[in-house]
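Structural features, examined
Spelled out from the first residue to the last, the chains are:
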Amino acid sequence: MHALALSGGYSVGPREGRIIYFGRNRPDVHVCIGEDDRQISRRHGELSHRQGRWWLLNTGHRPIRLSKSQWLFVNEPAVPLAEGYTPLVVPGSHDREHLLEVYVAGSEGNRPADRPTDETEPPRPYQLSDIERLILVVLGQRYLLCEPYPRPLTWLQAANQLAEMQPGAGWTEKKVANRVAAVRERLSKAGVTRVLRQEVEEPIGNTLNDNLFKELLYSTTLVPRDLAVLDS
């Protein structure tokens, strides 16, 4: 187990009953986080090894956010950590967030080697047709404007704006929705998850398109300069 925070890190091998403590009180924990933030508990959580696995337990007042927006609250059972990297985030005061990076090594017992001189792996954008790019830029313009908590336009809003840009193209809500559904289907076949209706729970709302635009931005398929198409 390797645990790293802003103030330092701690590494230890697996042994039944072994515990790593983290929190605000440096003398009382192995890894100190949020030392100057009284919203963080003195001993906010622990990482323990039992039954051949590492487990996370919240012993503080504030919840701990794991990857994929999973929250762990105090007085809840410990959750197992998968091998590999898991970021743990504890919300603090005044919009501060305190990060604890956890890496559970595999059978070899080592974390990945540093590779500072290796060639950088660039993102791999998805292929879009010109008309698909136009629709997605219109529908997701708030994401490209880097607004806080962006949401896609409604189908009607997108269709109306497209109709203003292309008066003779016959844009309707259904036409826009079908085009975007085809893009989501194609990305799903490429391995993207949670972009199809059967992959998310009700109520769906904007979830599918929100997940779609997060993936398009993360992959740099869409970037802010694509907004130029709205001016043209």
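What counts as what
- Residues numbered from 1 in each chain as written.
- Predicted model: local features only at pLDDT ≥ 70, side-chain atom pairs only at ≥ 80, totals over all residues.
- Heavy atoms only, no water.
- Helix = DSSP H or I, 4+ residues; strand = E, 2+ residues; numbered from the N terminus.
- Rg over C-alpha atoms; globule rule 2.2 N^0.38 Å.
- Contact = heavy atoms within 4.5 Å.
- Areas by Shrake-Rupley, 256 points an atom, 1.4 Å probe, with all protein chains shown as cover.
- Lys, Arg positive; Asp, Glu negative; His and termini not counted.
- Charge placed at Lys NZ, Arg CZ, Asp CG, Glu CD.
- pLDDT = per-residue confidence, 0-100.

Points about the overall build of the chain
- For the chain, the count of helices and strands is six helices and eleven strands.
- Relative to the 2.2 N^0.38 estimate, which gives 17 Å for 232 residues, the radius of gyration of the chain is 23 Å and therefore markedly larger than a compact globule would have.
- Dimensions along the principal axes, computed over C-alpha positions, put the chain at roughly 70 × 40 × 35 Å.
- Taking the contacts inside the chain whose residues are at least 6 apart along the sequence as the reference set, 47% of them involve residues at least 24 apart.
- Element-wise, carbon and sulfur atoms account for 48% of the exposed surface of the chain, whose accessible area totals about 14,500 Å².
- With 29 positive and 29 negative side-chain charges, the chain shows a spacing of 3 Å between the two charge centroids.

Comments concerning the environment of Arg42
- If you trace the backbone, Arg42 turns up in the loop between β4 (31–32) and β5 (45–50).
- Each C-alpha atom of the pair Arg42 and Leu230 lies 52 Å from the other, and the pair is 188 residues apart in sequence.
- The contacts of Arg42, once residues within four sequence positions are left out, are Gly23, Arg24, Asn25 and Val29.

Digging into the confidence of the model for the chain
- Residues with a pLDDT of 70 or more make up 98% of the chain, whose mean pLDDT is 94.
- For the chain, the element scoring lowest by mean pLDDT is helix α6 (residues 228–231), at 92; helix α1 (residues 130–139) scores highest, at 98.

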